[in-house]
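Architecture and fold: a report
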Amino acid sequence: MPQLTHLDRLEAESLHIIREVAAECENPVMLYSVGKDSAVMLHLAMKAFYPSRPPFPLMHVDTTWKFREMIEFRDRKAAEMGMDLIVHINEDGVREGVGPFSHGSAVHTDVMKTQALKQALDKYKFSAAFGGARRDEEKSRAKERIFSFRSAEHRWDPKRQRPEIWNLYNTRIHPGESIRVFPLSNWTELDIWQYIRREGIEIVPLYFAAERPVVNWNGVDIMVDDDRMPEDLAKTAILKSVRFRTLGCYPLTGAVESTATTLDDIIQEMLLTTTSERQGRVIDVDQSASMEKKKQEGYF
Amino acid sequence: MRLTDDLIATDIGAYLEKHENKSLLRFITCGSVDDGKSTLIGRLLYDSKMIFEDQLASLEADSKKVGTQGENIDFALLVDGLAAEREQGITIDVAYRFFATDKRKFIVADTPGHEQYTRNMATGASTADVAILMIDARKGILTQTRRHAFITTLLGIRRLVLAVNKMDLVDYDETIFNDIVDDFYAFADELATDLEIQPIPMSALAGINITSRSDETDWYDGPALMEYLENVPVGDKRRNASFRMPVQWVNRPNLDFRGFSGQIASGTVKPGDRVKSMPSGKQSTIARIVTADGDLPEAVAGQSVTLTLADEIDASRGDAIVTADDPTEVSDQFQVRILWMNESPLLPGRRYLLKVGAKTVTATVNAPKYGIDVNTLSDVPAKTLELNQIGVTTISLDQAITFDPYDANRNLGGFILIDRMSNDTVGLGLIDFALRRASNIHWQAMDVDRDALAEQKGQRPAVLWFTGLSGSGKSTIANALQKRLFALGKHSFSLDGDNVRHGLNRDLGFTDADRVENIRRVANVAKLMSDAGLITLVSFISPFRAERQMARNMMADGEFIEIHVDTPLDVAEQRDVKGLYKKARSGEIKNFTGISSPYEAPENPELRIDTVDRSPDDAAEEILDYLRENGFLGA
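Predicted model only: the values in this text are computed from it and were never measured.

Cut-offs used in this document
Residues numbered from 1 in each chain as written. Chains lettered and ligands numbered in written order. Predicted model: local features only at pLDDT ≥ 70, side-chain atom pairs only at ≥ 80, totals over all residues. Heavy atoms only, no water. Pairing = 2+ DSSP bridges. Helix = DSSP H or I, 4+ residues; strand = E, 2+ residues; numbered from the N terminus. Axes fitted to C-alpha atoms, helices over the stretch in contact; angles between N-to-C directions. Contact = heavy atoms within 4.5 Å. Core = buried A, V, L, I, M, F, W, Y, C linked by side-chain atoms within 4.5 Å. Buried < 20%, exposed > 50% of the residue type's maximum accessible area, 1.4 Å probe, protein only. Domains from an automatic or database assignment. Buried area = accessible area lost by both parts, 1.4 Å probe. Salt bridge = Lys/Arg side-chain N within 4 Å of Asp/Glu carboxyl O. Polar contact = N/O pair within 3.5 Å; in protein donor to acceptor, adjacent residues only side chain to side chain. Patch = residues over 30% accessible without salt bridge, like charges linked within 9 Å, V, L, I, M, F, W, Y side chains within 5 Å. Areas by Shrake-Rupley, 256 points an atom, 1.4 Å probe, with all protein chains shown as cover. Lys, Arg positive; Asp, Glu negative; His and termini not counted. Charge placed at Lys NZ, Arg CZ, Asp CG, Glu CD. Phe/Tyr/Trp six-rings, centres within 6.5 Å; stacked < 30°, edge-to-face > 60°. Lys NZ or Arg CZ within 6 Å of the ring centre and 35° of its normal. Expected span 1.5 Å × (residues − 1). Arc of directions from axis to C-beta. Parallel < 35°, antiparallel > 145°, perpendicular 65-115°, else oblique. Left-handed = near helix turned anticlockwise from the far one by under 90°. Nonpolar A, V, L, I, M, F, W, Y, C, P; charged D, E, K, R; others polar.

Bringing the sheet that holds strand 6 (residues 178–181) of chain A into the picture now. Residue and element names in this part refer to chain A. Across the sheet, six strands lie side by side as 3-2-1-4-6-5; this open sheet has mixed pairing. Whereas interior strands pair on both sides, the edge strands pair on one side only; in this sheet they are strand 3 (85–88) and strand 5 (147–150). Averaged over all adjacent pairs, the angle separating strand axes in this sheet is 30°, with direction ignored. Bridge count between strand 1 (residues 28–31) and strand 4 (residues 128–130): three bridges; the pairing is parallel. Bridge pairing links Met30 to Phe130 in strand 4. Contacting strand 1, strand 4, strand 5 and strand 6, helix 1 (residues 6–24) runs over the sheet at an angle of about 155° to strand 4. Strand contacts of helix 3 (residues 68–81): strand 2 (58–61) and strand 3, with the helix running at about 150° to strand 3, the strand carrying the most contacts.

So this is what it looks like as structure tokens:
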């Protein structure tokens, strides 16, 4: 008789969650950020409905500052999987020239990510959106339900979370409200890597170490990915063997020095490391309750 | 305890092979406020080196700023992740934390101790295999300790660690420990017959009996907490039960494939097994167990799979595929236990949505038979259930469902209740047994009063009183509105001057006295209809304020909605659809409103509809919005 391992149990739970949304929610979408968690989430969605295709589209909120490799990967993957892909860009932000170098990380993230996401959800009237967030990432995420409700203004109210009993998810909402659904809630970073390894899931090559041009900006090594980086900063670039533990906007994503070129190397490095994953993200270090505040304002 | 295996550094591949197959244990910490739940989790994470350097740095900073442990690290700050929690120094919502040892992976839910947050505690407990019940050695068993012991067993947990904490503050006194344990056993006897209890004396703050047994309690010969957690069996008991799988999603990629997707609730299944689709009872054989990784020779409880059957039988979401040898029962009335989880108390007789497995139905919850006192576990009288109260009652559903008693199968016997207006999850419940098998005549325990009749229709009754000149468009708008209500599945009826005057009021003319009597009768009929739960549309010229006021007074508060169809006389006369104005002007008709009899326009109607330059459809939409905004149309 098959014994279920921790990965089997996590997978089964995620499949159940994803199917439940497809069965009960009127107009779901899967938020696809092109990162490793999104890769696992998409893989789980393909499994949940096999041999059918997942009955919802993918959506990428493109801040226009993502690594170029991410965009190539995104378009190729969606095509390979036969998934509809919606790409949303906050055109107002583009018109005003908002970017991390000119406006700083807080304004850039708010306009190009948070506001853009709200625009997209309003535009397509999605009633439920899958996100790849995990509870081990951050303290306020650790408190969030798998089915997390948002007001018509996309606000999260941590004091009004619904009870979530057994695997019975209440998906009812009033017009205009929506649900964020996190099928990877109970996965850890290590689970994600082990699962990628077990299932042979393809991820963006930026996760693997390679010689890349990096500059030091605000104390963090960031990669020179295009010519929008201010010239005097870009000219300080040096080649280093680096990789990325999370992927986002290239000016806001810290590189770590590494020689890990295989999955096993990455996992080994992670197991021996002494800092948490989100440290590489510039946006989180402002203040300890910052993620909770962002979520209340409509950040994913 | 951490992943200290040398293989990580020397041969990661071998390490991963070895650790890919760990088992998973989910547990909670619960108990009263300040008994040390969060501290224990902080200690477990810290001792298993799951706290990273950057997290430790911010923890140290926070401890000095807002901590309660002086210069020491306040571990509770690790888990109290919401701003409100850190400000108030209490745990409000359940937090999930993750750690692993070389033996096992753990998911721990830290649950709040305050009674007002019991529903959050229940959320954490409902997915746990083991509960660690924290007790302050100085205080012993408290009401909240009993409540949490009761709720964890209610939700299905059968393994309990009685963690007698803060032993350092009572000098590791064995007698104190034994007294608390005896106290608890006396209480636990009543909880569940198959409950396994492991008492452990400890100090989470000082790290006593957490990772290994400590000298301070040399009189204790049981396991340290981690030893227990690493070795307690997680073998799924559900696996030995009869096969059940709620159908979550019907998988039909093309005409040649029809599969039933779901997570196996209990038992095992193989191709060739005889199964039934419930509640229809149709029998078939498992053809394939389909997954993206290929067909399986066997699947077990906990797995999410897709089954195909040898025969074309109809099953849809909410049905269950079960072993033909021991099928589930079918009924629409049950005795249940309910834990109420909302600030608004249970309203007996009200209809709630009930979700069990993948099925959602409408349930009428009857008045409780009795409540349960969590201190003594004895019955107490209860007319309703307040927040956090537990009671026994009966429910009746609008359709029969397939189920198992909760004690036999959590997935097919546990349900949640959802309020249809607020959409909140207001209660959780356990099916104890069916009151009767389905198929007998219907049965109602409650009085069928006007509220019940309206509840049944999923709406609030209203009398929409359209008043205005002849030809103003009252009936046309009412008609357009009624079509919309019908399309929304709402129950309505239209009373129209013309149709009533041909029947009920055929004896009445158009004198002022007859007009008053006409309205009196119509208002009475409208009242009967609203008692029946209907949305009643009344289209009468009803020219006099006094009569409209009389009608208003007859209806329940808020149910009378006066709609002035405000068409100027010249416009109505120009339209003259029925040619009445012409006749009135020529004197052929006497007492004609607006010409030879007065029209008293409403002073404060709920709605005033201007019909000039507006289509009847527009007007109907405006009224519909009003009804929706004021809650007449239900959820």
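A general trend in soluble globular proteins is that nonpolar side chains are found buried together. Counting 76 residues, the largest nonpolar core has Val40, Phe147 and Trp193 of chain A as the members making the most contacts within it. The element that contributes the greatest number of residues to this core is helix 2 (residues 36–49) of chain A, accounting for nine residues. Discounting chain neighbours no more than four positions away, the residues touching Trp193 of chain A are Lys36, Ile203, Tyr207, Leu263, Ile266, Ile267 and Met270 of chain A. Core analysis: the second largest hydrophobic core is formed by 56 residues, Tyr96, Ala125, Leu133 and Leu155 of chain B among them.

Before going further, it helps to spend a moment on the domain arrangement of chain A. Residues and elements named next belong to chain A. For chain A, the domain assignment lists domain 1 (6–192 + 289–296) and domain 2 (205–284). A straight line from the C-alpha centre of domain 1 to that of domain 2 covers 24 Å. Buried area between domain 1 and domain 2, summed over both chains or domains, comes out near 2500 Å², and the portion from carbon and sulfur atoms is 62%. Put simply, domain 1 and domain 2 have one salt bridge between them. Note that Asp225 and Arg68 form a salt bridge whose closest N and O atoms lie 3.7 Å from each other. Taken together, the connections running from domain 1 to domain 2 amount to four residue pairs in polar contact (both at pLDDT 80 or more).

Attention shifts here to a negative patch on the surface. There is a patch of like negative charges on the surface, built from Glu174, Asp215, Glu216 and Asp218 of chain B. As for its position among the elements, Asp218 of chain B is in the loop between strand 6 (196–201) and helix 10 (225–231).

One pass over the structure, following the stated rule, counts 24 aromatic pairs over all chains. When the centroid spacing of 5.0 Å and the interplanar angle of 80° are considered together, the rings of Tyr581 of chain B and Phe592 of chain B count as edge-to-face. Taken together, the residues Tyr581 of chain B in helix 18 (residues 580–585) and Phe592 of chain B in the loop between helix 18 and strand 28 (607–610) connect sequence positions 11 residues apart. In this structure Phe592 of chain B comes out as buried when scored by relative accessible area, which is 9%. The structure contains a cluster of three or more aromatic residues connected by ring pairs, namely Trp65, Phe67, Phe101, Trp217, Phe244 and Tyr250 of chain A. The ring of Phe149 of chain A carries the charged tip of Arg162 of chain A above its face, separated from the ring centre by 3.7 Å.

A separate point is the pattern of salt bridges. Using the criterion set out here, one finds 66 salt bridges over all chains in the structure. Note that Arg608 of chain B and Asp566 of chain B form a salt bridge whose closest N and O atoms lie 3.6 Å from each other. Taken together, the positions of Arg608 of chain B in strand 28 and Asp566 of chain B in strand 27 (residues 560–566) put the pair 42 residues apart, joining distant regions of the chain. Relative accessible area serves as the criterion here: at 39%, Arg608 of chain B is assigned to the partly exposed category. Its relative accessible area of 28% is what places Asp566 of chain B among the partly exposed residues. If you follow the salt bridges from partner to partner, you end up with Asp8, Glu11, Lys47, Arg198 and Glu199 of chain A together with Asp293 of chain B in one network.

Residue and element names in this part refer to chain B. Helix length check: helix 9 (residues 174–188) (15 residues) gives 21 Å between terminal C-alpha atoms against 21 Å at 1.5 Å per residue, within 8%. Looking at helix 9, one finds that the buried residues are Phe177, Ile180, Val181, Phe184, Phe187 and Ala188. Buried residues of helix 9, viewed axially, fall in a sector of 120°; they line one side. Taken together, the buried residues of helix 9 touch strand 4 (130–136), helix 8 (143–154), strand 5 (159–165) and strand 6. Backbone nitrogen of Thr175 and a side-chain oxygen of the N-cap are separated by 2.8 Å at the start of helix 9; the cap is Asp173.

Burial in helix 2 (residues 12–19) of chain B covers these residues: Ile12, Gly13, Tyr15, Leu16 and His19 of chain B. Looking straight down helix 2 of chain B, one finds its buried side chains confined to an arc of 160°; they lie on one side. Against the buried residues of helix 2 of chain B lie helix 1, helix 6 (189–199) and helix 8 (263–272) of chain A together with helix 1 (7–10) of chain B.

Residues and elements named next belong to chain B. With their axes 10 Å apart at the nearest point, helix 15 (residues 512–531) and helix 16 (residues 545–554) run at an angle of 20° to one another. The angle between helix 15 and helix 16 places the two elements in the roughly parallel class. Two packed elements cross with a definite hand, and for helix 15 against helix 16 that hand is right-handed. Two secondary-structure elements touch here, helix 15 through Val516, Ile519, Arg520, Ala523, Asn524 and Lys527 and helix 16 through Glu547, Met550, Ala551 and Met554. Of the residues that constitute the contact of helix 15 with helix 16, the class distribution is six nonpolar, one polar and three charged.

Moving on: the sheet that holds strand 15 (residues 320–323) of chain B. All names here are of chain B. In spatial order, the strands read 7-15-11-12-14-9-8; together these seven strands make up an open sheet with antiparallel pairing. Unpaired on one side and paired on the other, strand 7 (244–246) and strand 8 (249–251) mark the two borders of the sheet. The sheet shows a mean angle of 40° between the axes of neighbouring strands, taken without regard to direction. Two strands pair when backbone bridges link them, and strand 9 (residues 259–263) and strand 14 (residues 304–309) are joined in this way by four bridges, in the antiparallel orientation.

This part covers the domain arrangement of chain B. Under the domain assignment, chain B is made up of domain 1 (7–231), domain 2 (238–323), domain 3 (329–446) and domain 4 (456–629). One C-alpha centre belongs to domain 1 of chain B, the other to domain 4 of chain B; they are set 67 Å apart.

Take the packing of helix 7 (residues 118–125) of chain B against helix 8 of chain B next. All names here are of chain B. For the pair helix 7 and helix 8, the least separation of the axes is 10 Å and the interaxial angle reads 40°. Judged by the inter-axis angle, helix 7 sits oblique to helix 8. The handedness of the crossing between helix 7 and helix 8 comes out as right-handed. Where helix 7 approaches helix 8, its residues Thr118, Met121, Ala122 and Ala125 are matched on the opposing element by Gln144, Arg147, His148, Ile151 and Thr152. Considering only residue class, the contact of helix 7 with helix 8 consists of four nonpolar, four polar and one charged.

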